[in-house]
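Residue strings, one per chain:
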Amino acid sequence: MSLLKLTDVGMLYGGRVPALEHINLTVEKGDWLAVMGPSGSGKTTLMNIIGCMDKHTSGEVILDGINLNEVSKNELTQIRRDKIGMVFQQFNLFPHLTVKKNLELAPSLLKLKDKEAISQRADELLARVGLADKANVYPKSLSGGQQQRIAIARALAMDPD
């Protein structure tokens, strides 16, 4: 079974403006791929569909055996939470939280009980991206590359599939 399969996927904005047409893609577990193209070619739209942020308007998307055409908006949120770690283009770090608190936020919101385990996971991720010494600083004091590494660590915080 493929990890991801898109069959004839399309996306219309406002019911009229095509952003994607007839996209066919199969991704196997362990595959690496790059989505490349000029500005306005639909890369972000495709990633938002794959990442369960947006619903496509035509075709079929199967993610880890789940047909996304058949799930509710709430189920899509759960799939995104459990299966996908998103790194956003603008990083979307919370400026009023320290770097470590940015990493602890999602597990805390899900009311995971073990605060020590949440803290330890954040420390491990900070070390993994080479920023253990930045745990108590705020995102605005980081370079763009450092913010990007924190965004990657945050995407891994919930240990997505």
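Residues numbered from 1 in each chain as written. Predicted model: local features only at pLDDT ≥ 70, side-chain atom pairs only at ≥ 80, totals over all residues. Heavy atoms only, no water.

Turning to the pairing of strand β3 (residues 58-63), a few remarks are in order. Pairing analysis gives 5 bridges linking strand β1 (residues 4-13) to β3, with the strands arranged antiparallel. Bridging across to β3, L4 finds its partner in L63. One ladder, built from 2 bridges, connects β3 with strand β4 (residues 66-67); its direction is antiparallel. Residue pairing for β4: L63 is matched across the bridge by I66. Here β3 folds back onto β4 in antiparallel fashion, the turn holding 2 residues, of which D64 has a positive phi close to 50 degrees. (Pairing = 2+ DSSP bridges. Helix = DSSP H or I, 4+ residues; strand = E, 2+ residues; numbered from the N terminus.)

Closest axis-to-axis distance for the helix α4 (residues 115-128)/helix α5 (residues 144-156) pair is 9 Å, and the angle between their directions is 140 degrees. As summarised for this structure, α4 and α5 are arranged oblique, according to the angle between their axes. Judged by the twist between their axes, the crossing of α4 over α5 is right-handed. Touching R121, L125, L126 and R128 of α4 are I150, A153 and L156, all from α5. In the contact of α4 with α5, the residues fall into 5 nonpolar, no polar and 2 charged. (Axes fitted to C-alpha atoms, helices over the stretch in contact; angles between N-to-C directions. Parallel < 35°, antiparallel > 145°, perpendicular 65-115°, else oblique. Left-handed = near helix turned anticlockwise from the far one by under 90°. Contact = heavy atoms within 4.5 Å. Nonpolar A, V, L, I, M, F, W, Y, C, P; charged D, E, K, R; others polar.)

Another point: unusual backbone geometry. In the Ramachandran plot, N92 falls in the positive-phi region, its phi being about 55 degrees despite a non-glycine side chain. Among the structural elements, N92 can be located in the loop between α2 (73-83) and α3 (99-109). A relative accessible area of 42% places N92 in the partly exposed class. In this model, D159 sits at a positive phi of 50 degrees, which is unusual for a non-glycine residue. (Buried < 20%, exposed > 50% of the residue type's maximum accessible area, 1.4 Å probe, protein only.)

A word on the sheet that holds β1. If you trace the 4 strands from one edge of the open sheet to the other, you get β2-β1-β3-β4, paired in antiparallel fashion. The outermost strands of the open sheet, each flanked by one partner alone, are β2 (17-27) and β4. Against the sheet, helix α1 (residues 43-50) engages β1, β2 and β3, with an angle of about 125 degrees to β1.

Glancing now at a nonpolar patch on the surface. A surface patch of nonpolar side chains, amounting to about 240 Å² of accessible area, comprises L33, V35 and M47. For V35, the position within the fold is in the loop between β2 and α1. Residue classification places V35 among the partly exposed residues on the basis of a relative accessible area of 33%. (Patch = residues over 30% accessible without salt bridge, like charges linked within 9 Å, V, L, I, M, F, W, Y side chains within 5 Å. Areas by Shrake-Rupley, 256 points an atom, 1.4 Å probe, with all protein chains shown as cover. Salt bridge = Lys/Arg side-chain N within 4 Å of Asp/Glu carboxyl O.)

Here we come to the nonpolar core. Formed by 17 residues in total, the largest nonpolar core has its most connected members in L4, L6, C52, V61, L63 and L68. It is β1 that provides the largest number of residues to this core, a total of 4 residues. Membership of the second largest hydrophobic core comes to 15 residues, among which are F91, L126, A153 and A157. (Core = buried A, V, L, I, M, F, W, Y, C linked by side-chain atoms within 4.5 Å.)

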